Amino acid sequence: MTEATTDSTATEQDHRELEEWFARYDAHAAKADVEAMASMAVFPLNLVTDDAGPGTGWAGQWSREEFVRTMSEVMGGAGGEEISFESRRTPHFLSRSMAVVFTESTMTAGGQSQSMRYADVLVKQDGAWYFQTMLQSGWAGGLTGGRS
């Protein structure tokens, strides 16, 4: 049996493409354009989170419909206010077509700011990046109806 190898050395172009992908995603998020956000994902989308309390973990998957419904509710929570993001991202390329990106971000809507830390797993298919896994703490209570 031969061992599979991949070229995991990301180029400047790889980094630039990922930065451009996040710029487009953030622009869609700022307009609460959830359908456009969904077009940038591979479904079923993996989710990994925990609850806000003692930290009980939760993992599951969303279909496109579940993503659109849930994110529409979340993005609608801004009350029609414009949303802005200030983010610092650290990509870790596992190969030239797989990356884990850690983000520290501040979201501002309606004069209120909220700090967030999360990670995304992205895959490149047919020359374009898509997110496939979202990791962020604190969502499990809302996703499971309060059950962890």
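Description of the structure in this document.

Rules and cut-offs
- Residues numbered from 1 in each chain as written.
- Predicted model: local features only at pLDDT ≥ 70, side-chain atom pairs only at ≥ 80, totals over all residues.
- Heavy atoms only, no water.
- Phe/Tyr/Trp six-rings, centres within 6.5 Å; stacked < 30°, edge-to-face > 60°.
- Buried < 20%, exposed > 50% of the residue type's maximum accessible area, 1.4 Å probe, protein only.
- Helix = DSSP H or I, 4+ residues; strand = E, 2+ residues; numbered from the N terminus.
- Core = buried A, V, L, I, M, F, W, Y, C linked by side-chain atoms within 4.5 Å.
- Contact = heavy atoms within 4.5 Å.
- Pairing = 2+ DSSP bridges.

## Considering the packing of aromatic side chains
- In this structure the tally under the stated criterion is 8 aromatic pairs.
- Arranged with centres 4.7 Å apart and planes meeting at 85°, the rings of Trp21 and Phe22 form a pair that is edge-to-face. Considered together, Trp21 and Phe22 belong to a single accessibility category, that of buried residues.
- Between Tyr25 and Phe131, the aromatic rings sit 5.3 Å apart at their centres with planes inclined by 80°, giving edge-to-face as the arrangement. With a gap of 106 residues between them, Tyr25 in helix α1 (residues 12–30) and Phe131 in strand β6 (residues 128–136) connect regions that are remote in the sequence.
- The class for Phe131 is buried, based on a relative accessible area of 1%.
- Every member of this aromatic cluster is reached through a ring pair, and the members are Trp21, Phe22, Tyr25, Phe43, Trp62, Phe67 and Phe131.

## Observations regarding unusual backbone geometry
- Residue Pro44 follows Phe43 across a cis peptide bond; omega there is 0°.
- The topology assignment puts Pro44 in strand β1 (residues 41–50).
- Phi angles above zero are rare outside glycine, and Ala32 is one such case at about 55°.
- Given a relative accessible area of 33%, Ala32 falls into the partly exposed group.
- One non-glycine residue with positive phi stands out, namely Asp126, at about 50°.
- Here Asp126 is to be found in the loop between β5 (112–125) and β6.

## Description of the nonpolar core
- In terms of nonpolar packing, the biggest core is built from 26 residues, with Leu18, Trp21, Met37, Phe67, Leu122 and Phe131 touching the most fellow members.
- Secondary structure elements with two or more residues in this core: α1, α2 (34–38), β1, α3 (64–76), β3 (83–95), β4 (98–109) and β6.
- Tallying contributions element by element places α1 first for this core, with 5 residues.
- Not counting residues within four places of it along the chain, the set of residues in contact with Met37 comprises Tyr25, His28, Ala29, Phe67, Met71, Met75 and Phe131.

## A look at the pairing of β1
- Here β1 runs beside β6; their pairing, made up of 4 bridges, is parallel. Within β6, the residue paired with Asn46 across the bridge is Thr133.
- Sheet analysis places β1 next to strand β2 (residues 57–62), joined by 6 bridges and oriented antiparallel. Each residue of the ladder has a partner; that of Leu47, found in β2, is Gly60.

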